[in-house]
Structure formats: structure tokens, C-alpha cells
Amino acid sequence: MKFIWVNGRTPSSQSACAVCSRPIRAAYLRHIETGLLFCDCDCYASAQSEDSGIGHTRPQARASLKSTLALLLG
């Protein structure tokens, strides 16, 4: 996983989630390599689990992301 958790800042232009197309608000995830924006952990995990190189199921990817964010946000 290579992402940045952005909190309290909206993107400079109107943006939508790469998975569900919901508008991006003040908290979102940005994939470092692609620059894609995701509205929440579930959408990010969904996109990462669909990547053939990740090797995780969607629930595994979501659980891993949520535990990582819990550590970061403490």
C-alpha cells in the first residue's frame, strides 16, 4: 500500500472518488504512484484488491488499510 491520508483539506479542483465517483470532501486517500483519489478506506481497499499484483482479497486489503490508518491516526 502506498497512500497518503489527507485530512482537513479538499483538493484544489472538484474531484471525485476513483471507485464510486462520490465528491471528494475534506478527508480522503490519495494513491502516491497514480495520484488517484479515494473517498474512504473501503473504496481504496476495493481498488487495491482488484490490482492483480496486490495478492489480497478485498476484506484483507480493507482490514490492512484500517489497521494502518489506526496506527497513523493513533
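Residues numbered from 1 in each chain as written. Predicted model: local features only at pLDDT ≥ 70, side-chain atom pairs only at ≥ 80, totals over all residues. Heavy atoms only, no water.

## Section: the sheet that holds strand β1 (residues 3-7)
Then step 1. Read from one edge to the other, the open sheet built from three strands follows the order β1-β2-β3, with strand pairing classed as antiparallel. Here the strands that pair on one side only, and so sit at the sheet edges, are β1 and β3 (37-38).
Then step 2. Taken together, the five bridges between β1 and strand β2 (residues 27-31) define a ladder with antiparallel strand orientation. Bridge assignment links I4 to a residue of β2, and that residue is R30. (Pairing = 2+ DSSP bridges. Helix = DSSP H or I, 4+ residues; strand = E, 2+ residues; numbered from the N terminus.)

## What to know about the confidence of the model for the chain
Then step 1. On average, residues of the chain carry a pLDDT of 76, and 68% of them reach 70 or more.
Then step 2. Averaged over each element, pLDDT in the chain is lowest for helix α2 (residues 58-73) (67) and highest for β3 (90). (pLDDT = per-residue confidence, 0-100.)

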